[in-house]
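One letter stands for each residue in the lines below.
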Amino acid sequence: MPDTGIATFLLLGTFLVLIILRVSISFALALAAIVTGIYLKVPLMSVVQQMVHGIKSFSLLAIPFFILAGELMGQGGISKRLIKFSNLIVGRLPGGLAQVNILASMFFGGISGSAVADISSIGTILIPMMKENKYDEDFSVAITVTSACQGIIIPPSHNMIIFSLAAGGVSIGRLFLGGYLPGVILGLALMIITHFISIKRGYPRERWYSFREALAITGEAFMGLMTAVIIIVGVVSGVFTATESSAVAVVWAFVVTFFVYREIPLRKFPRILYSSLKTLAMVMALIASASAFGWFMAYLRIPAKATELLLSITTSKVLLLLLINVLLLLLGMIMDMAPLILITTPILYPVVVDTLGMSPIQFGVMLVLNLAIGLTTPPVGSALFVGCAVGKIPIEKVVRTMFPLWLVMVTVLLLVTFFPPLTTTLPGIFMP
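Summarised in this report is the structure supplied together with it. Just so it is clear, the structure is predicted and the values come from calculations on it, not from any experiment.

**Here we look at the overall build of the chain**
Along its length, the chain carries 21 helices and zero strands. For the chain, the spread of C-alpha atoms along the principal axes amounts to about 80 × 45 × 45 Å. Classification of the 432 residues of the chain by burial places 54% in the buried group. Once local pairs closer than 6 in sequence are excluded, the contacts in the chain between residues at least 24 apart make up 78%. For the chain, the exposed surface amounts to about 18,200 Å²; the carbon and sulfur share of it is 71%. When the 26 basic and 16 acidic side-chain charges of the chain are each reduced to a single mean position, those positions are 3 Å apart.

Laid out in structure tokens, this is it:
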């Protein structure tokens, strides 16, 4: 009879070896599941069925729509309008363009739900502008990279949908609402630290706008911002499910992009579809592979063993949560966000929710924020890599500037971890 200890070693060991060999995470998860299945004499067809079952979920239909809506608005001129609107609100503060960068990322994150899309869209405009206005290039890239992570927890976030799937069906609407306050607080915290850095380095303020200019800028930005409003109001009010609201958002984004802003011609729509399809293919392949991997984890009782291991270290709730945060931050340095959500959620959920009594909504936001910080850290931080590529600056030069910004992000993470009302108040009010 196959030994479960050897099977556990094969499952986790094969995955780690393949990751070290730089094999794609989707293939690493699938191959680890296949190797373990062969050892356990599980029919390979069962592994394939688990992969298919993993992506055969109505809730996952929201992901392609959110990706497409983000692509439409990202390429359709919304970035420039959000930058102007943000400049109108915070441009007169010390380090005006840096403050604009943070606020524009907050707005754009509420449309795209992607840190990399935020940097690719807003960073390509603001980083050169900041350099021209005598901002240090390392700070320009650092603030762009860290502020982009707001989009991971401010709805709509397809990572929240992935967490909902991995956690067994936590309400997507409640997760969306739970991410709002932490996302806004993260933005405000970054603005505060930016204020002091800007005063110290002597970064300039931006100019005043006349009332007529302000009205024109607000009117142009309004149509783009309505995309996020449609999604959230639709879900919270119960008029739409998350999937239906994402489909309505695509229709709205299509109309705004091609018939209101009209910055790109309709003939470029197939290119946007192709770009969305590439992203979707990666996400779905990852979810399918992780489903088979997760099935073997459950079969081998790895989550239960992990719970026992953590509780054997300490029974203090505070120490356990700190230990879990440190673990997630370290994992975020070496792996990307989506696979970590799919792998760690089934392991940590029983510890944090069932044993420690944390709300699933609070745990979801804590997990996603943890891994969002990982996007900004070397050696595998995708947001950091994209930001440095846009800013044409070595990673090691940016990392030195990131430390005070990381400190701010970790402080917000600790607030999310130990102050439940931050994530549970809005869901309790709007979706009791």
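**Things to note about the environment of Leu 356**
Along the chain, Leu 356 turns up in the loop between α17 (337-355) and α18 (360-374). Take Leu 356: its relative accessible area is 13%, and that puts it in the buried class. In sequence terms Leu 356 and Leu 320 are 36 residues apart; their C-alpha atoms lie 8.9 Å from each other. If sequence neighbours within four positions are ignored, Leu 356 has contacts with Lys 317, Leu 320, Leu 321 and Val 351.

**Here we look at the nonpolar core**
One finds Ile 63 and Phe 363 to be the most contacted residues of the largest nonpolar core, which totals 141 residues. Looking at which element gives the most residues to this core, the answer is α17, with 12 residues. With residues near it in sequence (within four places) discarded, Ile 63 still touches His 158, Ile 161, Ile 162, Leu 280, Val 283 and Ile 287.

**Overview of the layout of surface pockets**
Roughly 380 Å³ of internal volume is contained in the second largest pocket. Contributions of two or more residues to the lining of the second largest pocket are made by α3 (44-55), α10 (158-166), α14 (269-299) and α17. It is α14 that provides the largest number of residues to the lining of the second largest pocket, a total of seven residues. For the lining of the second largest pocket, a count of residues per class yields 10 nonpolar, six polar and no charged.

**Concerning unusual backbone geometry**
For residues besides glycine, phi is generally negative; the peptide bonds are generally trans as well. Phi is positive for Arg 22, which is not a glycine, with a value near 65 degrees. Relative to the helices and strands, Arg 22 resides in the loop between α1 (4-20) and α2 (25-39). The exposure class of Arg 22 is exposed, given its relative accessible area of 77%.

Conventions adopted
Residues numbered from 1 in each chain as written. Predicted model: local features only at pLDDT ≥ 70, side-chain atom pairs only at ≥ 80, totals over all residues. Heavy atoms only, no water. Helix = DSSP H or I, 4+ residues; strand = E, 2+ residues; numbered from the N terminus. Buried < 20%, exposed > 50% of the residue type's maximum accessible area, 1.4 Å probe, protein only. Contact = heavy atoms within 4.5 Å. Areas by Shrake-Rupley, 256 points an atom, 1.4 Å probe, with all protein chains shown as cover. Lys, Arg positive; Asp, Glu negative; His and termini not counted. Charge placed at Lys NZ, Arg CZ, Asp CG, Glu CD. Core = buried A, V, L, I, M, F, W, Y, C linked by side-chain atoms within 4.5 Å. 1 Å grid on protein atoms, 1.4 Å probe; cavity = no way out; pocket = protein on both sides within 12 Å on 5 of 7 lines; lining within 4 Å. Points joined across faces, edges and corners; volume = space filled by probe spheres on them. Nonpolar A, V, L, I, M, F, W, Y, C, P; charged D, E, K, R; others polar.

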